[in-house]
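# Summary of the model geometry
The chain contents come next:
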2 protein chains.
Amino acid sequence: MSRTESSTGTADRMSVSLPDLPAPTSVNLGLLSSSLAFHVRKAQLALQRRGLRNISAMHVGPAEFGALVLCEQNPGMAQFQIAAALDIDKASVVAIIDRLEELGWLLRRRSNHDRRRYGLYLTAEGARQAQVLRTQAEEAESFAHDIFSPDELNQLLGLLARLG
Amino acid sequence: MSRTESSTGTADRMSVSLPDLPAPTSVNLGLLSSSLAFHVRKAQLALQRRGLRNISAMHVGPAEFGALVLCEQNPGMAQFQIAAALDIDKASVVAIIDRLEELGWLLRRRSNHDRRRYGLYLTAEGARQAQVLRTQAEEAESFAHDIFSPDELNQLLGLLARLG
DNA sequence: TATTGTTATACTCTATAACTATA
DNA sequence: TATAGTTATAGAGTATAACAATA
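Overview of the structure. (Residues numbered from 1 in each chain as written. Chains lettered and ligands numbered in written order. Predicted model: local features only at pLDDT ≥ 70, side-chain atom pairs only at ≥ 80, totals over all residues. Heavy atoms only, no water.)

## Here we look at the environment of Leu-160 of chain A
Examined against the element boundaries, Leu-160 of chain A turns out to sit in helix H7 (residues 150–163). For the pair Leu-160 of chain A and Ile-82 of chain A, spaced 78 residues apart in sequence, the C-alpha to C-alpha distance is 20 Å. Beyond its immediate stretch of four places on either side in the chain, Leu-160 of chain A contacts Leu-36, His-39, Val-40, Ala-43, Leu-156 and Leu-160 of chain B. (Helix = DSSP H or I, 4+ residues; strand = E, 2+ residues; numbered from the N terminus. Contact = heavy atoms within 4.5 Å.)

## Quick notes on the side chain of Arg-108 of chain A
Residues and elements named next belong to chain A. With respect to the element layout, Arg-108 can be found in strand E1 (residues 106–110). On the basis of relative accessibility, which here comes to 2%, the residue Arg-108 falls in the buried class. A polar side-chain atom of Arg-108 sits 2.8 Å from a polar atom in the side chain of Glu-101. (Buried < 20%, exposed > 50% of the residue type's maximum accessible area, 1.4 Å probe, protein only. Polar contact = N/O pair within 3.5 Å; in protein donor to acceptor, adjacent residues only side chain to side chain.)

## As for the interface of chain A and chain B
Contact with chain A, which involves 98 residues of that partner, is made by 97 residues of chain B. Note that Asp-87 of chain A and Arg-49 of chain B form a salt bridge whose closest N and O atoms lie 3.5 Å from each other. At the boundary of chain A and chain B, one finds 20 residue pairs in polar contact (both at pLDDT 80 or more). The dominant element in the side of chain A that touches chain B, judged by the number of residues it contributes, is helix H1 (residues 36–52) of chain A, at 14 residues. The class makeup of the residues in the side of chain A that touches chain B is 49 nonpolar, 27 polar and 22 charged. (Salt bridge = Lys/Arg side-chain N within 4 Å of Asp/Glu carboxyl O. Nonpolar A, V, L, I, M, F, W, Y, C, P; charged D, E, K, R; others polar.)

## Describing the pattern of salt bridges
On inspection of all chains with the given rule, the structure shows 20 salt bridges over all chains. Between Glu-72 of chain A and Arg-134 of chain A there is a salt bridge whose closest N-O contact spans 2.6 Å. Of the two residues, Glu-72 of chain A sits in helix H2 (residues 62–73) while Arg-134 of chain A sits in helix H5 (residues 124–140), which places them 62 residues apart along the sequence. Residues joined in a network through salt bridges with shared partners are Lys-42 and Arg-49 of chain A together with Asp-87 of chain B.

## Examining the packing of aromatic side chains
Any aromatic ring pair is given by two values, namely how distant the centres are and how the planes are angled relative to each other. Overall, the coordinates contain 0 aromatic pairs over all chains when judged by the stated rule. Here the guanidinium or amino end of Arg-110 of chain A rests over the ring plane of Tyr-118 of chain A, the centre of that ring lying 4.3 Å away. For the cation-ring pair, Arg-108 of chain B lies above Tyr-118 of chain B, with the distance from its terminal atom to the ring centre recorded as 5.7 Å. (Phe/Tyr/Trp six-rings, centres within 6.5 Å; stacked < 30°, edge-to-face > 60°. Lys NZ or Arg CZ within 6 Å of the ring centre and 35° of its normal.)

## Examining the packing of H7 of chain A against helix H7 (residues 150–163) of chain B
The interhelical angle for the contact between H7 of chain A and H7 of chain B, taken along N-to-C directions, is 110°, at an axis separation of 10 Å. In terms of their interaxial angle, H7 of chain A and H7 of chain B are classed as roughly perpendicular. You can see that H7 of chain A and H7 of chain B cross each other, and the crossing is left-handed. Two secondary-structure elements touch here, H7 of chain A through Glu-152, Gln-155, Leu-156, Leu-159, Leu-160, Arg-162 and Leu-163 of chain A and H7 of chain B through Glu-152, Gln-155, Leu-156, Leu-159, Leu-160, Arg-162 and Leu-163 of chain B. Classifying every residue of the contact of H7 of chain A with H7 of chain B gives 8 nonpolar, 2 polar and 4 charged. (Axes fitted to C-alpha atoms, helices over the stretch in contact; angles between N-to-C directions. Parallel < 35°, antiparallel > 145°, perpendicular 65-115°, else oblique. Left-handed = near helix turned anticlockwise from the far one by under 90°.)

## Description of the relation of the copies chain A and chain B
Its rotation angle being 180°, the transformation that places chain A on chain B also includes 0.0 Å of axial translation and leaves an RMSD of 0.1 Å. Each copy turns onto its partner about a two-fold axis. A high fraction, 99%, of the interface residues of chain A reappear at the interface in chain B, so the copies pair face to face through one surface. (Least-squares fit on C-alpha atoms with pLDDT ≥ 70 in both.)

## Description of the side chain of Gln-129 of chain B
All names here are of chain B. Following the sequence through the fold, Gln-129 ends up in helix H5 (residues 124–140). For Gln-129, a relative accessible area of 18% puts it in the buried group. In terms of polar contacts, Gln-129 uses its side chain to reach the side chain of Glu-125, at 2.8 Å. In contact with Gln-129, other than residues within four places in its own chain, are Leu-68 and Trp-105.

## Examining the pairing of strand E2 (residues 118–122) of chain A
Residues and elements named next belong to chain A. In terms of residue burial, E2 counts as a mostly covered element, since 5 of its 5 residues are buried. Neither face of E2 is exposed, since Tyr-118, Leu-120 and Leu-122 on one face and Gly-119 and Tyr-121 on the opposite face are all buried. Sheet analysis places E1 next to E2, joined by 5 bridges and oriented antiparallel. Paired with Arg-110 across the strands is Tyr-118, a residue of E2. (Pairing = 2+ DSSP bridges.)

Here is the structure:
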């Protein structure tokens, strides 16, 4: 990589301006300002920074939280169903369930109806932690209620749901 | 990891139901259905699947595309400004600019106004590629125009912008 | 002292492919 | 043959910390 000054001899490769412009003080986003992907990505970063990441010390991220809530609402759920609900591969679910099982928050029980599957069940401790995490998640997202009216929040959720 | 059947002896740890439930046929999302983070994440995945990822063969991802568009709109821009605009660390910008420079799409030119900085400028080839990529990005997001009315799309963009 | 760019390093999240056991 | 779960592996995308040059 030639990261030299190369102040001459490359003029023919320049598209816009050779002169040593002062760096712009305010940045023009161009096409990005109307890009859905750009805004969705920034929104996700903003949500992560608000505390949704590393939600309760432990190594419990959004995926673990999602799996826990799903198993709470749907006792006996199978791993491939977690994968579908969270939009990730079934192979990626294994490590998530492993972690929750190691924490003692969740049990795998081989299904008798279909012995290829596990049924997933929360333990009592898992149910307790789910409650704690749910509260934390709600607090992490509570700033949205300051930014948006209830109507606007519903609008946003509805519009996003149509994208997925 | 004991992934045995453990059909007995763990009843005290179960929070919900011991019986071997058939896996639920339809999944209840619980709290997730009203979670902003959950919907934003699914929306991002949907956008990526629509072709925004690996946008033009080469190793040109969303970050490279963003940097290219920014430099096109703001000739002489510095790397730390790219970092701020894309919401990533300045250290992460280095590799992105390296790649664009290797492709011959972009030039670093040490600024004379502040010799700590580089001014970033598109090459003629970079400007050509920016046009190609812009078209591809617009096509990748065009499905949004099928899903949303122009008003709805503006609403969504506006609401997302308020989150970031 | 603070800022800009750089390097080295490591971490999170996820996908892919190949395997097993069951269906 | 197809499906559910597993393993091993690899990749993308980023952050952090420490550093040199410059302000």
